[in-house]
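Chains, contacts and geometry: an overview
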Amino acid sequence: MFTIDDVHWLDDNGHVRPPLMLYLLLLFLARGWAILVMSLTITSDRAELVKLFYPEKVDFLTALAAGSGAVLAFFLVIAERRRKPQWCRSAFSSLRILLMGLLGLEAALLFTRLSHSRFLFDWPMALDGLFLFWSALYLYRSRHLKVYVSDWLKHAEIAEK
């Protein structure tokens, strides 16, 4: 699965670095949490920034609920970079499945938002749909992500022997 052309994916310790697109995907899935953190840094009116992106409070709360899985996936990526704790290794091996499930949840939420707006065109929803499509295609086709997910398991098997 790993070829000599993939050497540029390795870090100084010989482990596969996480793909940049993985971080962008996690940021997209956890955008409700990112907006919450940004709003906490504004001292004047915190609610205005949240209302700019999420006019309805329900949309913001569902974005936080749906984004909690992406925050969990981000912590799994951090655990992989440190190679500890070992109990995260089994959860990390199903990272791609978790991300596909989160993309499915985002697609369902997008469909719900579209049905509430009576399927009228809206640029933010169109961009969400486009990024959902590209993200699903990336999860399906990315060899870098496949090698990255299997890397922790391979090194653990070698260390156990």
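Here we summarise the structure given alongside this text. The structure presented is a predicted model; accordingly, all values stated were derived computationally and were not measured. (Residues numbered from 1 in each chain as written. Predicted model: local features only at pLDDT ≥ 70, side-chain atom pairs only at ≥ 80, totals over all residues. Heavy atoms only, no water.)

1. Some points on the overall build of the protein chain
The helix and strand inventory of the protein chain stands at 8 helices and 0 strands. Its helices and strands taken in sequence order, the protein chain reads α-α-α-α-α-α-α-α from the N to the C terminus. Expressed as lengths along the three principal axes of its C-alpha atoms, the size of the protein chain is roughly 55 × 35 × 25 Å. Within the span of the protein chain, comprising 161 residues, buried residues form 36% of the whole. Within the protein chain, residue pairs in contact and separated by at least 24 positions form 72% of the contacts whose partners lie at least 6 positions apart. Surface summary for the protein chain: the accessible area is close to 10,200 Å², and the carbon and sulfur share equals 68%. (Helix = DSSP H or I, 4+ residues; strand = E, 2+ residues; numbered from the N terminus. Buried < 20%, exposed > 50% of the residue type's maximum accessible area, 1.4 Å probe, protein only. Contact = heavy atoms within 4.5 Å. Areas by Shrake-Rupley, 256 points an atom, 1.4 Å probe, with all protein chains shown as cover.)

2. Describing the layout of surface pockets
Roughly 570 Å³ of volume is contained in the largest pocket. Looking at the lining of the largest pocket residue by residue, the class counts come to 13 nonpolar, 2 polar and 6 charged. The volume enclosed by the second largest pocket comes to roughly 170 Å³. Contributing to the lining of the second largest pocket are Leu29, Arg31, Tyr54, Val58, Asp59, Thr62, Ala63, Glu106, Leu109, Thr112, Arg113 and His116. Ranked by residue count, the leading element in the lining of the second largest pocket is helix H6 (residues 95-116), at 5 residues. Taken together, the residues of the lining of the second largest pocket break down into 5 nonpolar, 3 polar and 4 charged. (1 Å grid on protein atoms, 1.4 Å probe; cavity = no way out; pocket = protein on both sides within 12 Å on 5 of 7 lines; lining within 4 Å. Points joined across faces, edges and corners; volume = space filled by probe spheres on them. Nonpolar A, V, L, I, M, F, W, Y, C, P; charged D, E, K, R; others polar.)

3. Quick notes on a nonpolar patch on the surface
Together, Phe121, Trp123, Leu127, Leu130, Phe133, Trp134 and Leu137 line one region of the surface with nonpolar side chains, adding up to about 820 Å² of accessible area. Checked against the element boundaries, Phe133 lands in helix H7 (residues 123-141). (Patch = residues over 30% accessible without salt bridge, like charges linked within 9 Å, V, L, I, M, F, W, Y side chains within 5 Å. Salt bridge = Lys/Arg side-chain N within 4 Å of Asp/Glu carboxyl O.)

4. Considerations on the nonpolar core
Counting 29 residues, the largest nonpolar core has Leu22, Leu26, Leu29, Leu95, Leu99, Leu145 and Tyr148 as the members making the most contacts within it. With residues up to four places along the chain from it excluded, the contact list for Leu22 reads Val77, Leu95, Leu99, Tyr138, Leu145 and Tyr148. Ile35, Tyr54, Ala63 and Leu64 belong to the second-largest nonpolar core, a separate cluster that totals 6 residues. (Core = buried A, V, L, I, M, F, W, Y, C linked by side-chain atoms within 4.5 Å.)

5. Remarks on the packing of aromatic side chains
Applying the stated rule across the entire model yields 7 aromatic pairs. Ring geometry for Phe92 versus Tyr148: centroids 5.3 Å apart, planes at 85 degrees, classification edge-to-face. With Phe92 in helix H5 (residues 88-92) and Tyr148 in helix H8 (residues 143-160), this residue pair connects regions lying 56 residues apart in the sequence. There is no split in this pair, since Phe92 and Tyr148 are both buried. Centre to centre, the rings of Phe133 and Trp134 are 5.7 Å apart; their planes meet at 70 degrees, and the pair counts as edge-to-face. (Phe/Tyr/Trp six-rings, centres within 6.5 Å; stacked < 30°, edge-to-face > 60°.)

6. Considerations on the pattern of salt bridges
Throughout the structure, instances matching the rule amount to 4 salt bridges. Across the pair Arg31 and Glu106 runs a salt bridge, and its minimum N-O distance is 3.1 Å. On the criterion of sequence distance, the pair formed by Arg31 in helix H2 (residues 31-41) and Glu106 in helix H6 is long-range, its members being 75 residues apart. There is no split in this pair, since Arg31 and Glu106 are both buried. A salt bridge links Arg31 to Asp128; the nearest nitrogen and oxygen atoms lie 3.5 Å apart. A residue pair is termed long-range when its members are at least 10 positions apart, and Arg31 in helix H2 and Asp128 in helix H7 qualify at 97 residues. What makes Asp128 buried here is its relative accessible area of 14%. In the salt-bridge network here, residues are joined through shared partners; they are Arg31, Glu106, Arg113 and Asp128.

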